[in-house]
Amino acid sequence: MTTLASGYDPKSFESRLYTGWESSGAFAPQGDGPAYTILLPPPNVTGTLHMGHAFQHTLMDALVRYHRMRGYRTLWQMGTDHAGIATEMVVGRNLAIEGKGETRDSLGREKFIEKVWEWKQHSGDTIERQMRRLGASGDWSRSVFTMDPMASEAITEAFVRLFDAGLIYRGQRLVNWDPVLKTAISDLEVVNEEESGHLWSIRYPLADGATYEHVEVDPDGNEVLRETRDYLIVATTRPETMLGDTAAMVHPEDPRYLALHGKFVDLPLTGRRIPVITDDYVDRAFGTGVVKVTPAHDFNDYAVGQRHGLPLINIFTDDAKIVSSREDIVDKYRGLDRFDARKAIVADLDAAGLLVEIKPHKLQVPRGDRSGQVIEPFLTDQWFVKMDDLARRGLELVESGEVKFVPPNWINTYRHWLENIQDWTISRQLWWGHRIPAWFDDAGKVYVGRSEAEVRAAHGLGDAPLRQDPDVLETWFSSAMFPFSTQGWPNEAKMAELGFDAVLPTNVLVTGFDIIFFWVARMIMMTDRLVGRVPFRDVYITGLVRDAQGQKMSKSKGNVLDPLDIIDGISADALVAKRTTGLMKPQDAPKIEKATRKEFPEGINAHGADALRFTMAALAGPGRDIKFDLSRAEGYKNFCNKLWNATRFALMNVGEASFSGKPQPKTDAEKWILAQLDRTTAEAAEHFTSYRFDLLAQCLYEFTWNQVCDWFVELAKPALNGDDAAAADSTRHTLLHVLDALLRLLHPLIPFVTEELWQAVAPTLGKSGSIMLQPYPQAGDIDDAAYAQADADIEWLKAMIGAVRRIRSELGVSPAKQVALLVRGGNAEDAARIARFDAQLRFLCKLERIEAITGEPPAAAPAVVGDLQVFVPLEGLVDLDAERARLDKELAKLGAEKDKSEAKLAKFGAGVPAAVVEQERQRLADWSAKLDALSAQRARLG
């Protein structure tokens, strides 16, 4: 007999089991079943496992393990993203820490990239190691880094093909610009947070000596101001950008400014004059109803400028200083940082009498998520992808059902993005990444090709000087190609080797709603355009993992939980140190420490990977954000322990026996649990199909804890300890059969403990290998109809046992003390069941006798099971005088409540709502029923 440790200790086996799984090659596609493929959203190579990863990776792994057990040829395609900005920042910080005086710029491009590859070799695989700790069963042998040669070839090929098709172009557009990193960044890398700022109101003098009659009215149309003005008042939160204004703008129907259409204003501090234009974009009710237009430094103004043909005046350098190249910018502002320029400009406006007022103002400030710096809308030469036609096709693929969102409401988010799409900025001013395959000659003409040699040959350039574009492609571009760049495209030999035709489209993408546009939509558009397929059939959208109070987890809030700390545990001191190190606002450290020590005074206990995984699955409602409460993980650790103890019980009662084939049940308890197993198996399959991991966890938890570990283990004891050898032997076989199936049902969610326990159970059933390669239980093996009577009989038996145990518990009767059971009423079926289950009732309820009565019982504690009344005589069990006193006190309370309810009903008049009257009548009925039952109980005590 295989023996198990006395207690559940995940640390003793989790890492050992994972090493065995991976080294056995079990994660690779195998067999000749249908393909089932999941694409891992490639985490940043600089990243570490966070709760969002743990959540999504648990769900992906559960799907992969389930389909692997179903006989599918499964591939969980792993990979990591080179994360251009983040990686350059990490390596840059490391250079500073080394203290050798080396920087990115001092090293130069080639040497710096060498340093990046060095870092990648030694520290860049952290998150993949952490994923292993969680139990991720992906095919690591096929893991693709987006800068690997195979992936890089695909990215270059994609760029060239899109360029040749006229879908990629180079042009000057407004982008999100990080002036510290000196690169364009995507909208997803911009964090908009409300901050306290100011609203400056500035006079813009009318040009050419123009004046107008300015009239203000209140909301009721009453005139409150009339005066002649030779200026407009413009309100702005960024006064420094006025140096780049190219228009002042009013609403075309605003009566205050009708006389100024087509006029001009003199732009303060510049000597330039700019037109007054009209546009429906202006909100007449906000401020003065006059808006400054700075097309080169505001995204909304850029759109206005395009509509009205306004010039684009860039006033900033790439590090957000005032340019020195424009003649209309006075010397004192040139070279100033943007915020220093703001102070100087405001002071000069005030000195010139043009500053009307300064008011405190709350505004959304865009900051780069990497540098923390205020992002500047900046006009630069970038590479773009034309999106209109691609977006129409991308929307068509989803609207037609070729790609399906789960839950389906997320199609609305997808549709909103694609119907309001802008051309996609794909270039970044970095060194780490896929270098743009474009070369310029001395005249500035651009040539695109797979290599410089190809460009020279294709265009007959000979030895003419060429320089490659220094920029790289943004990581979202390479991520968009991930479905096929990981499968060998465009190399046909490599595609055949990797099984390209079988694995694409993949079956499901599991990802968050925040990247529906940035990644999901782009994968759909790029895969369709370049490969002629959809990248996946289903898109399962998860919510965000929040803390127990529903707050978003963030370093600044000090509420981040590390999944590995939940798995392996962490002391309070170490947790505080982790949460307070490297804060953007170090002054928040004391507050964070106080909150952490209050919530986790003893730190975090080790829960093991399975408890965390089961928690994640149980919380995975459809598309909802989840509140992660550590107490749930503690509860599921207890669940794993319960499973452990049930397995130990089974093995101890089986001894050296072994079995083969399906059990041939002899007892009703066996038939009942086999029917329950079949129903649970069917339900599990439904929940996997519909991606309802929460319902899957719930049904498996209920079956494991209540049906198997509690009831079947209890109901098996009379047979295991009885004189009927055949029943005992059959029960042992059924117990092992059910346990084997249960472990296989649970394996996709909690792989480690199920593997460890299955290895102990398998030899008794003549099985070997790994549980992850065993077949997943399928419904239909059990003839439920044949077991229907046993099913009903056992449910009756459970109700009887539950009733007697409740009485014993309420009376505080010792578990070892024998009691009598009196029964009255019921029907012939009840009588037959009492006779049939006499031995089980006596054994499980510790009964000295079961007696049928017709008259009134002696002083007894009652219960009802269907039509059957059961009584446990109180004589010798309780102090009857004390029980009488207790019941008299309770009767008085119930009588008072009944009287109050009757009095209230008597006072109700015709105007009282019918619902209120009905509610009170129901209360009276409840009080009356309780009073009658308690009165009968009191009467039996004499």
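Residues numbered from 1 in each chain as written. Predicted model: local features only at pLDDT ≥ 70, side-chain atom pairs only at ≥ 80, totals over all residues. Heavy atoms only, no water.

Undergrad: Teacher, can you tell me more about the packing of aromatic side chains here?
TA: Two aromatic rings are characterised by how far apart their centres lie and by the angle between their planes. Taken as a whole and judged by the stated rule, the model has 36 aromatic pairs. For the pair Phe688 and Tyr776, a centre-to-centre distance of 6.0 Å together with 85° between the ring planes defines the contact as edge-to-face. Here the residue Phe688 occupies a position in helix α23 (residues 668-689), and Tyr776 occupies one in the loop between α26 (751-761) and α27 (788-811), the gap between them amounting to 88 residues. For the pair Phe688 and Tyr776, one class covers both residues: buried. Three or more aromatic residues joined by ring pairs make a cluster, and in this case those are Phe159, Phe163, Trp383, Trp424 and Phe477. A cation over a ring is seen here: Arg104 above Trp431, with NZ or CZ 3.9 Å from the ring centre. The ring of Trp140 has Arg132 lying over it, and the distance from NZ or CZ to the ring centre is 4.1 Å. (Phe/Tyr/Trp six-rings, centres within 6.5 Å; stacked < 30°, edge-to-face > 60°. Helix = DSSP H or I, 4+ residues; strand = E, 2+ residues; numbered from the N terminus. Buried < 20%, exposed > 50% of the residue type's maximum accessible area, 1.4 Å probe, protein only. Lys NZ or Arg CZ within 6 Å of the ring centre and 35° of its normal.)

Undergrad: Just to check I follow, could you spell out the pattern of salt bridges for this structure?
TA: Think of it this way: side chains of opposite charge can pair up when their charged atoms draw near. Under the counting rule described, the total for this entry stands at 65 salt bridges. Salt bridges sharing partners connect three or more residues here, namely Asp668, Asp793, Glu829, Arg833 and Arg836. (Salt bridge = Lys/Arg side-chain N within 4 Å of Asp/Glu carboxyl O.)

Undergrad: How should the sheet that holds strand β9 (residues 231-236) be read in this particular structure?
TA: Sheet strands pair by backbone hydrogen bonding; their relative direction is either parallel or antiparallel. The three strands lie next to each other as β9-β6-β14, forming an open sheet whose pairing is antiparallel. Taken across any chain shown, the strands that pair with only one partner, and hence form the sheet edges, are β9 and β14 (355-368). The average angle at which neighbouring strand axes cross in this sheet is 20°, direction not considered. Taken together, the 13 bridges between strand β6 (residues 190-205) and β14 define a ladder with antiparallel strand orientation. Residue pairing across strands places Ser196 opposite Lys362, the latter belonging to β14. (Pairing = 2+ DSSP bridges. Axes fitted to C-alpha atoms, helices over the stretch in contact; angles between N-to-C directions.)

Undergrad: Explanation requested: the pairing of strand β3 (residues 139-145) in the structure shown.
TA: Looking along a regular strand, one sees side chains alternate from face to face of the sheet. Of all seven residues making up β3, five are buried, and the element is well covered by its neighbours. Bridge count for strand β2 (residues 73-80) against β3 is three bridges, and the pairing is parallel. By the bridge assignment, Thr80 is partnered in β3 with Phe145.

Undergrad: Is there a simple way to think about the state of the cysteines in this case?
TA: Chemically, a disulfide is nothing more than a covalent bond linking the sulfur atoms of two cysteines. Here the structure, examined in full by the defined rule, presents zero disulfides. The thiol of Cys640 is unpaired, and the distance to the nearest cysteine sulfur, on Cys709, comes to 11 Å. Of the residues examined, Cys640 reaches a relative accessible area of 0% and is grouped as buried. (Disulfide = S-S within 2.5 Å.)

Undergrad: Help me understand a negative patch on the surface in this model?
TA: Together, Glu98, Glu110, Glu114 and Glu118 make up a negatively charged patch on the protein surface. In terms of residue count, helix α5 (residues 109-123) provides more of the negative patch than any other element does, three residues in total. Along the polypeptide, Glu110 turns up in helix α5. (Patch = residues over 30% accessible without salt bridge, like charges linked within 9 Å, V, L, I, M, F, W, Y side chains within 5 Å. Areas by Shrake-Rupley, 256 points an atom, 1.4 Å probe, with all protein chains shown as cover. Lys, Arg positive; Asp, Glu negative; His and termini not counted. Charge placed at Lys NZ, Arg CZ, Asp CG, Glu CD.)

Undergrad: What's the story with the side chain of Ser137 in this structure? I'm lost.
TA: Here Ser137 shows up in the loop between α6 (126-134) and β3. Owing to a relative accessible area of 0%, Ser137 belongs among the buried residues under this scheme. Look past the residues within four positions of Ser137 in its chain and what remains in contact with it is Phe27, Asp61, Val64, Arg65, Arg68, Trp76 and Met772. (Contact = heavy atoms within 4.5 Å.)

Undergrad: Explain the nonpolar core here, please?
TA: Where a protein is soluble and globular, its nonpolar side chains tend to be buried together. Judged by nonpolar contacts, the single largest core of 141 residues is most densely connected at Phe628, Phe693 and Leu841. Of all the elements, helix α24 (residues 693-720) adds the most residues to this core, at 13 residues. Sequence-distant contacts of Phe693, that is, excluding residues within four places in its chain, are made with Leu59, Ala62, Leu63, Tyr540, Ala617, Ala620 and Phe688. Counting 58 residues, the second largest nonpolar core, distinct from the first, contains Leu39, Val385, Ile426 and Ile524. (Core = buried A, V, L, I, M, F, W, Y, C linked by side-chain atoms within 4.5 Å.)

Undergrad: What exactly am I supposed to notice about the environment of Arg142 here?
TA: Along the chain, the position of Arg142 falls in strand β3. Separated by 344 residues in the primary sequence, Arg142 and Thr486 have C-alpha atoms spaced 8.2 Å apart. Filtering out sequence-adjacent residues up to four positions away, Arg142 remains in contact with Pro29, Leu75, Gln77, Met78, Gln487 and Leu498.

Undergrad: Help me understand the packing of helix α2 (residues 51-69) against α6 in this model?
TA: Relative placement of two packed helices is described by the angle separating their axes and the distance separating the axes. Across the interface, α2 lies against α6 with an axial gap of 11 Å and an inter-helix angle of 55°. The angle between the axes of α2 and α6 places the two elements in the oblique class. Here the hand of the crossing between α2 and α6 comes out right-handed. In this structure, α2 contributes His53, Ala54, His57 and Thr58 to the contact, and α6 contributes Ile127, Met131 and Leu134. (Parallel < 35°, antiparallel > 145°, perpendicular 65-115°, else oblique. Left-handed = near helix turned anticlockwise from the far one by under 90°.)

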